[in-house]
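Descriptive analysis of the structure
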Amino acid sequence: MSTRRAKKATMDFMQIIRGRRSVRAFRAAPLTRAQLELVLEAAGWAPSPHGRQPWRFVVLTSPEAKGRLAAAMGQQWRQQLALDGQDEATINARFAQSHQRITSAPAVIVPCLYLEELDRYPDAERQAAETTMAIQSLGCAIQNMLLAAYAQGFDGGWMCAPLFCQATVRTALELDAALQPHALITLGYAARDPQRRPRKSVADLVAHWE
Ligand SMILES: Cc1cc2nc3c(=O)[nH]c(=O)nc-3n(C[C@H](O)[C@H](O)[C@H](O)COP(=O)(O)O)c2cc1C
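Here is what the cut-offs are and how they apply
- Residues numbered from 1 in each chain as written.
- Predicted model: local features only at pLDDT ≥ 70, side-chain atom pairs only at ≥ 80, totals over all residues.
- Helix = DSSP H or I, 4+ residues; strand = E, 2+ residues; numbered from the N terminus.
- Rg over C-alpha atoms; globule rule 2.2 N^0.38 Å.
- Buried ≥ 20, exposed ≤ 12 C-beta atoms within 10 Å, placed from the backbone.
- Contact = placed C-beta atoms within 7 Å.
- Pairing = 2+ DSSP bridges.
- Near = placed C-beta within 6 Å.
- Nonpolar A, V, L, I, M, F, W, Y, C, P; charged D, E, K, R; others polar.
- Axes fitted to C-alpha atoms, helices over the stretch in contact; angles between N-to-C directions.
- Parallel < 35°, antiparallel > 145°, perpendicular 65-115°, else oblique.
- Left-handed = near helix turned anticlockwise from the far one by under 90°.

**Remarks on the overall build of the protein chain**
- Scanning the protein chain for helices and strands turns up eight helices and five strands.
- Counting from the amino terminus, helix and strand elements in the protein chain follow one another as α-α-α-β-α-α-β-α-β-α-β-β-α.
- Computed over C-alpha atoms, the radius of gyration of the protein chain comes to 18 Å, within 12% of the 17 Å expected from 2.2 N^0.38 for 210 residues, which places it in the range of a compact globule.
- With respect to the three principal axes, the spread of C-alpha positions in the protein chain is 50 × 45 × 35 Å.
- With 210 residues in all, the protein chain has 26% of them scored as buried.
- Long-range pairs, those at least 24 residues apart, make up 81% of the contacts in the protein chain with a sequence separation of at least 6.

**Considerations on the pairing of strand β5 (residues 184–188)**
- In terms of burial, β5 is largely enclosed, as five of its five residues are buried.
- Neither face of β5 is exposed, since Leu184, Thr186 and Gly188 on one face and Ile185 and Leu187 on the opposite face are all buried.
- Bridge count between strand β2 (residues 107–114) and β5: three bridges; the pairing is antiparallel. Bridging from a neighbouring strand, Val108 pairs with Thr186 of β5.
- Bridge count between strand β3 (residues 155–159) and β5: five bridges; the pairing is antiparallel. What sits directly across from Asp155, in β5, is Gly188.

**Quick notes on the environment of Ala46**
- With respect to the helices and strands, the residue Ala46 is situated in the loop between α3 (33–44) and β1 (55–60).
- Expressed as a C-alpha distance, the spacing of Ala46 and Cys140, which sit 94 residues apart in the sequence, is 5.8 Å.
- Those residues in contact with Ala46, other than ones at most four positions away along the chain, are Ser137, Cys140, Ala141 and Asn144.

**With respect to unusual backbone geometry**
- Of note, the phi angle at His50 is positive, near 60°, even though the residue is not glycine.
- You can see His50 is positioned in the loop between α3 and β1.
- At Gln53, a residue that is not glycine, the phi angle is positive and equals roughly 50°.
- Position of Gln53 relative to the elements: it lies in the loop between α3 and β1.
- The class of Gln53 is partly exposed, set by 19 C-beta atoms lying within 10 Å.

**Some details on the site of the ligand**
- All residues adjacent to the ligand are Arg21, Ser22, Arg24, Trp158, Met159, Cys160, Ala161 and Arg197.
- Its residues assigned to classes, the shell around the ligand comprises four nonpolar, one polar and three charged.

**Overview of the environment of Pro162**
- Assignment of secondary structure puts Pro162 in the loop between β3 and α7 (166–173).
- As for Pro162 and Ala183, which are separated by 21 residues in sequence, their C-alpha atoms are 5.3 Å apart.
- Setting aside chain neighbours within four positions, we find Pro162 in contact with Met73, Val110, Val169, Pro181, His182, Ala183 and Leu184.

**Quick notes on the packing of helix α4 (residues 63–83) against α7**
- It is the contact of α4 with α7, at a shortest axis distance of 9 Å, that shows an interaxial angle of 150°. Our classification of the angle between α4 and α7 gives roughly antiparallel. Crossing angle aside, the handedness with which α4 passes α7 is right-handed. Together, Arg68, Leu69, Ala72, Met73 and Gln76 of α4 and Thr168, Val169, Thr171, Ala172 and Leu173 of α7 make up the contact between the two elements.
- Counted by class, the contact of α4 with α7 contains six nonpolar, three polar and one charged residues.

Structure, rendered in structure tokens:
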């Protein structure tokens, strides 16, 4: 175990919470299956509506799979950027950066919403609330993953891209139609310390307290 990891293993809870940061560039050093399984186990301990765990995870470590996903998403993104009126050079630069970010991460996890085991309601309003609960809990699961990575001494980055091209991700990864890709989490050891985003004070966060 490296010194850094040994130190991280003894971090207390608030150190882990405060220390986690979004990392967007990684070293090539691979992650072990055990490290990734701990990240996934942490996701599984997240709170969820009715305890049904309405999420499943796709894990990609092979260069071929990461490249296939990045290429498919990139293709659709190019079309979306062109629709937004961006010029060819900008589109090429943004595509290359995003492609590099995905393919150079030692591991990529695609968290998917999985609603099949949730309650069904006859009215749209309650059904929408049920889905919202599932999405809320997917966020909890992803946060657990990021914290579990950081606590083990490596880092994660959150990309929202799959949410904007769910069908493309499903096709590229040959996923079941019941899986809704919601994010892409890149995992690995940070290439450098990223810039820290400042946080609002607790007083600024409290809307009302009596
Ligand atoms: C739902 C969600 C979507 C995000 N999507 C992206 C993204 O597409 N690309 C990105 O670089 N960061 C993304 N992030 C990361 C945020 O930019 C980051 O968490 C925020 O700037 C705070 O920085 P920190 O995570 O280092 O504390 C996303 C975060 C969340 C919660």
